[in-house]
Every structure is written in structure tokens, then in C-alpha cells.
Amino acid sequence: MIFGATGDLAKRKLFPSLYRLYQKGKLSERFAVVGVARRALSNEEFQLSVKESIEAASDKNGNHDEFISHFHYHSHDVTDSSSYLSLKQMASDLDSHYGLGGNRIFYLAMAPEFFGTIAEHLKADGLTDVAGFKRLVIEKPFGHDVESAKQLNKQIRNAFSEDEIYRIDHYLGKEMVQNIEVIRFANAIFEPLWNNRYISNIQLTSSEVLGVEERGRYYETSGALRDMVQNHMLQMVALLAMEPPIRLTTEEIRSEKVKVLRAMRPLEGDAVNEHFVRGQYGKGKIDEEEVPAYRDEPMVDPSSNTETFVAGKLLIDNFRWAGVPIYIRTGKRMETKSTKIVIQFKDIPMNLYYQSEQTLNPNLLVIHIQPGEGISLYLNAKKSGQNVEATPVKLNFANKGIDGINTPEAYEKLLFDCMRGDATNFTHWDEVALSWSFVDKISEVWESEKAENFPNYESGTMGPREADQLLEKDGFFWWPVTDLNVDNC
Ligand SMILES: NC(=O)C1=CN([C@@H]2O[C@H](COP(=O)(O)OP(=O)(O)OC[C@H]3O[C@@H](n4cnc5c(N)ncnc54)[C@H](OP(=O)(O)O)[C@@H]3O)[C@@H](O)[C@H]2O)C=CC1
Ligand SMILES: O=C1O[C@H](COP(=O)(O)O)[C@@H](O)[C@H](O)[C@H]1O
């Protein structure tokens, strides 16, 4: 059951992902999708909208009729108790028709204020009384701060146990985010170096070219800190910094990630502005076109204090990472769309091959999350010719090169994991609570102090100058993400 089946997420991501799973034979014929939303639609109209969304996403010429015949629509206001009874009847009829064995997945692709109400109704009105499994997939944001997240968690835990709850973080479905563990734990050359003796700093960038678009109302209550840092950025940090799990099970991996989040040094008072920088985009040019400032976007307060950019320095106070800064930055309306992780290794103890006045080229491991997927390793090798001089070389692995096909979309993988009952790439409540506790301290300070210099970066740039200074004061700089692209060989 998809709650919010007429919405943007369902159309752009969920229906096309289900279709791809069907095409690949990962869904048998024994499935039904019930779309739930308020507007009045017939089954035929709903099926047509599913078909259009599949065509818009990729497949214009396929035969979709068999696939879309599995889709059914239930017009229903989720705040109205009476609708759940007819929904229950519909689900039960479909269960018998398709022989589903009572297995049910409830996907809440709706505004977060409805999450708790829906979960409570599902239980109270008997939709969760099933002979098979029941699972709840819940979209972001999971709360607004730690208190609201606790409240929401309490509501959904009345209806579903922790192992039945699948909290989506779509970054965990990305191919190269899933690859972080493999790169680390399947290569003898990296794991011995993966610590404060050999790594000087780590940089995570997730930059977007798009602005806030139609999401001003939501974004005004969120900002980049809640929208990107609390979830995606901290999840990537946890994967990069965790200890090797004793087994590749959901519990063991989650438990190692939780330890990283617990070891993150909390920031309070003045430390917040020493370690974190906020920004808001002003007008500027993207692809030669003028774009408006954040404050001029629809549904945005013209004197908004909301940050559209965050850069921060994280410290993990444990044996492995003590003293290694992990820098993160994310923002909208930046120069380029890019998510990359750069691991910068420490310099060699003595420089034999360069003149001392020349800059050293540290070894870098770059994990390209998107748009190009791959890994690059920057080494130094001998420059051809008579002299013994070193020159930087780049070893490149572009993911698409391996089998020539696009890697599956994150939602496709996550939906499939949920159907199989594998919650590894979903966030456990403990991770959510720890991330909120960390981020809440920063928002408290930022909400109490108006940013006098907003807007402080021009659209189409890599953020405010203060983000560069954050690294400069430690003797580092942001590696330029466009120069490191996996395709720039
Ligand atoms: N869109 C995206 O790319 C992403 C979205 N998300 C999250 O996914 C969720 C959904 O987002 P999105 O699809 O963009 O939202 P939309 O606003 O596009 O869709 C909202 C859906 O909720 C339905 N709805 C609203 N009120 C009710 C009600 N009272 N009863 C029943 N149905 C109702 C709407 O149906 P109708 O209009 O027919 O009532 C519509 O289907 C949010 O939590 C968002 O944060 C997360 C990541 C990305
Ligand atoms: O969760 C979100 O992520 C997107 C960025 O996702 P990506 O897969 O395109 O990198 C961001 O635009 C959005 O604001 C945020 O809610």
C-alpha cells in the first residue's frame, strides 16, 4: 500500500522502481499495489497515471498492461477513520485474489505530519492483523528534532516493532554508498591505513545545482542541516568511520554505525560557529541563466534565516579517528551536482622526489557517489625521462564500465530490500536519535542568532568564503570536486 500514491515521490521514484523490479523478474505475478490518496480517481485513471510515470522515467515503448493491472486505487483521507475499514476490505480481497499470504508493506510517501496518524489507524482498524509479515516504510523527514522524532517513534512503535520499521534514507540505496564498506573491508591495502596514523583528513561534499524549487514551505522549516546533514551526510560519515562489523548482518552493521555517532564530539555554544558554517544562496547565474535568490523563491520568507548551505568539521573521539577532521559540506544552487568523498592520506615523512619549494601531491582516494560512479586513487609515479622526478597519476575505476549498464536506482534497491526483509540499508531508531541530538545543538544556536550576512554566497558557486576558511585554519583546502571527476582521466 502506497499512501500518497498521487504524489511526486510515488510518480517519479516508486512506480518506475517497481516496474524495473518487475521487468527484472524480481516481483512474481503474486503482488498487488494499492494506491491511497485523497483525490477521487477510478482504478483506470490511477493505472494510467502509473503508466505515464513509467514512460516518463524511462520505458516509452514497453508493454506495461500486465504490470499496471496489479495497481488498485483507494480514495481516502488518512485523517478520516471510516475510510480504513473499506481499505481493509480491499486489502483482504486482493490478498485472496493474488494469494499474498497476508504479507503487507505499507509505504508512507506523504507529508510527515501524517505518519503517526496512519500508523495508529493501521493498527486500530485491523490492517496490521495479518497472517504474514507487515512492514512499514517511512519517508523522511523522521521528525524535526530529537523530541518530535521520539514522539513519532512512539506512535509508530505502538503499531510496528523496530524490526518491522524501514526508515528510508535514499543515500543508503546508492550503489557507491553501499560500496564504501566493500572498498574498506575487502581490500588489504586500505584497512591497515584507515586510521589517524595515515589519514590526514576526510572531505564529504554533496552539492546540488537545483535550488529549493517548489519545496519552499517544507524547506523553510528544515534548512540544509535537517534536510541533508542529519540523515544522508551523517550516514555516510558513519559508514566511513565504523569499525569492521563481525558479520555482515543488519544488527552488526547498525551497531558499528551507532558507535561512530556516539563518538562524534558534540558541539555546544561557541564551538558551533567554530566548527560549522552556514550559508544562503543569493541570485546568480547557472548555465548562463539568471536564477533568483533563496529569499525570492516561492513560499520563502523574504528575510529568511534558513540555511541552504552547511559546511562543518566533525571530530570522532575514538582510538581510530582521534585528531582526524572529517569535513562535510552540502548546499543548493552550487556550481555543480556532485557527491564525492575524498580521503586524503598524510604526507610521506621525507620528500625525495620533489624540490622542497614545490607542493607535495598527497595520495587521495576518491569515492565518486554521483553523478559519475567510481573510485579514483591518486598516487605518485616516475615522470618519463632521464630525471628521477615524481608526477601524480590517477588510477580510475568507473562503475558503468564494468557491465555497461546503469546501476539500479536507489529506490529500486531499497524497495527490493524491504520486500526481502533486509533492513541493513535503512536507519535504525538509535541512529536517528543520535543524529538528531548532534544536529539539534547546532540548530539551537543558529535559530537563536540571525545570520546577518545572508545571502552570503552567489548561486553557481561552491558556497561562502567561510567554508574555505574552515579548512584553511587547519592547513587544508577543499579538493575541487569537478577536477576529481571519475571521467576526467
Ligand atoms: N518528492 C521527492 O523527491 C521526495 C519526497 N520525500 C518525502 O516523501 C513524502 C512525500 O513527498 P511528495 O511525494 O513530494 O509529496 P506530494 O505533496 O507530491 O504528495 C503528497 C501525497 O499525499 C496525499 N495526501 C495529502 N493529504 C492527504 C490526506 N489527508 N489523505 C490522503 N492522502 C493525502 C496527496 O494526495 P492528494 O493530493 O490526492 O490528496 C499526495 O498523493 C514526504 O515525506 C517527502 O518529504 C523524500 C525524498 C524525496
Ligand atoms: O533528501 C534529499 O535529497 C535530495 C538530494 O538527493 P540526490 O539523490 O539528488 O543527491 C535533496 O535535493 C533534497 O532537498 C533532500 O530532501
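Just so you know, these numbers come straight off a predicted model, no measurement behind them.

Cut-off values and rules
Residues numbered from 1 in each chain as written. Chains lettered and ligands numbered in written order. Predicted model: local features only at pLDDT ≥ 70, side-chain atom pairs only at ≥ 80, totals over all residues. Heavy atoms only, no water. 1 Å grid on protein atoms, 1.4 Å probe; cavity = no way out; pocket = protein on both sides within 12 Å on 5 of 7 lines; lining within 4 Å. Points joined across faces, edges and corners; volume = space filled by probe spheres on them. Helix = DSSP H or I, 4+ residues; strand = E, 2+ residues; numbered from the N terminus. Nonpolar A, V, L, I, M, F, W, Y, C, P; charged D, E, K, R; others polar. Axes fitted to C-alpha atoms, helices over the stretch in contact; angles between N-to-C directions. Parallel < 35°, antiparallel > 145°, perpendicular 65-115°, else oblique. Left-handed = near helix turned anticlockwise from the far one by under 90°. Contact = heavy atoms within 4.5 Å. Near = heavy atom within 4 Å. Polar contact = N/O pair within 3.5 Å; in protein donor to acceptor, adjacent residues only side chain to side chain. Phe/Tyr/Trp six-rings, centres within 6.5 Å; stacked < 30°, edge-to-face > 60°. Buried < 20%, exposed > 50% of the residue type's maximum accessible area, 1.4 Å probe, protein only. Lys NZ or Arg CZ within 6 Å of the ring centre and 35° of its normal. Salt bridge = Lys/Arg side-chain N within 4 Å of Asp/Glu carboxyl O.

Peer 1: So what's going on with empty space enclosed by the protein? Residues and values would help.
Peer 2: Applying the stated criterion across every chain, the model contains one cavity of 30 Å³ or more. Each pocket or cavity is described by its volume, and for the largest cavity that value is around 150 Å³. Lining the largest cavity are 15 residues, and of these Phe 142, Gln 230, Asn 231, Thr 427 and Val 432 sit closest to its centre. Those elements that provide at least two residues to the lining of the largest cavity are α9 (223–241) and α14 (429–448). The residue inventory of the lining of the largest cavity, partitioned by class, reads five nonpolar, five polar and five charged.

Peer 1: Before we move on, could you go through the packing of α9 against α14 and cite the residues and values that matter?
Peer 2: Running from N to C, α9 and α14 cross one another at 140°; their axes reach a closest spacing of 10 Å. Judged by the inter-axis angle, α9 sits oblique to α14. Both α9 and α14 take part in a crossing whose hand is right-handed. Two secondary-structure elements touch here, α9 through Leu 225, Arg 226, Val 229, Gln 230, Leu 234 and Gln 235 and α14 through Glu 431, Val 432, Ser 435, Trp 436, Phe 438, Val 439, Ile 442, Ser 443, Trp 446 and Glu 447. Residue composition of the contact of α9 with α14, by class: nine nonpolar, four polar and three charged.

Peer 1: An account of the site of ligand 1 is needed here, citing residue identities and associated values.
Peer 2: Close contacts around ligand 1 come from 22 residues, with Thr 6, Asp 8, Arg 12, Arg 39 and Met 110 the closest. The contact in question runs from an oxygen atom of ligand 1 to an N or O atom on the side chain of Thr 6, over 2.7 Å. At a separation of 3.0 Å, a nitrogen atom of ligand 1 approaches a polar side-chain atom of Asp 77. Per element, the largest residue contribution to the shell around ligand 1 is three residues, and it comes from helix α1 (residues 8–23). Here the shell around ligand 1 is built from residues that sort into eleven nonpolar, four polar and seven charged.

Peer 1: Outline the site of ligand 2, supporting the account with residue identities and numerical values.
Peer 2: Taken together, Lys 140, His 170, Tyr 171, Lys 174, Glu 208, Arg 215, Asp 227, Met 228, His 232, Lys 332, Lys 337 and Gln 370 form the complete shell of residues around ligand 2. Between an oxygen atom of ligand 2 and a side-chain N or O atom of Lys 174, the distance comes to 2.6 Å. A distance of 2.6 Å separates an oxygen atom of ligand 2 from a polar atom in the side chain of Glu 208. Looking at which element gives the most residues to the shell around ligand 2, the answer is α9, with three residues.

Peer 1: Report on the packing of aromatic side chains, specifying residues and quantitative values.
Peer 2: By the definition in use, this model includes 22 aromatic pairs. Ring geometry for Phe 190 against Trp 194: centres 6.4 Å apart, planes inclined by 70°, an arrangement best described as edge-to-face. We classify Phe 190 as buried; its relative accessible area is 10%. For the ring pair Phe 477 and Trp 479, a centre distance of 4.7 Å and an interplane angle of 50° mean the geometry is tilted. Given the relative accessible area of 44%, Phe 477 is considered partly exposed. An aromatic cluster is present here, built from Phe 15, Tyr 19, Tyr 22, Phe 31, Phe 46, Phe 67, Phe 71 and Tyr 73 joined pairwise through their rings. Cation over ring: Arg 167 sits above Phe 142, and NZ or CZ is 5.0 Å from the ring centre. Taking NZ or CZ as reference, Lys 174 lies 4.7 Å from the ring centre of Tyr 171, over its face.

Peer 1: So what's going on with the layout of surface pockets? Residues and values would help.
Peer 2: For the second largest pocket, the calculated volume is near 640 Å³. Along the walls of the second largest pocket sit 24 residues, with Phe 31, Ala 32, Asn 103, Ile 105 and Met 419 positioned nearest its centre. Counting residues per element, the ones that place at least two in the lining of the second largest pocket are β2 (33–37), α4 (81–98), β4 (104–108) and α13 (410–420). By residue number, the principal contributor to the lining of the second largest pocket is α13, which donates four residues.

Peer 1: Mind laying out the pattern of salt bridges, listing which residues take part and the relevant values?
Peer 2: Where charged atoms from two side chains of opposite charge come close, those side chains can pair. Per the counting criterion, the structure on display carries 24 salt bridges. Glu 447 is paired through a salt bridge with Arg 226; the nearest N and O atoms lie 3.1 Å apart. In this pair, Glu 447 is assigned in helix α14 and Arg 226 in helix α9, connecting sequence segments 221 residues apart. For Arg 226, a relative accessible area of 10% puts it in the buried group. A salt bridge links Glu 472 to Arg 465; its shortest N-O distance comes to 3.0 Å. In this structure Glu 472 comes out as partly exposed when scored by relative accessible area, which is 39%. Residue classification places Arg 465 among the partly exposed positions, given a relative accessible area of 44%. Beyond isolated ion pairs, a larger network of salt bridges with shared partners links Arg 184, Glu 191, Glu 243 and Arg 320.

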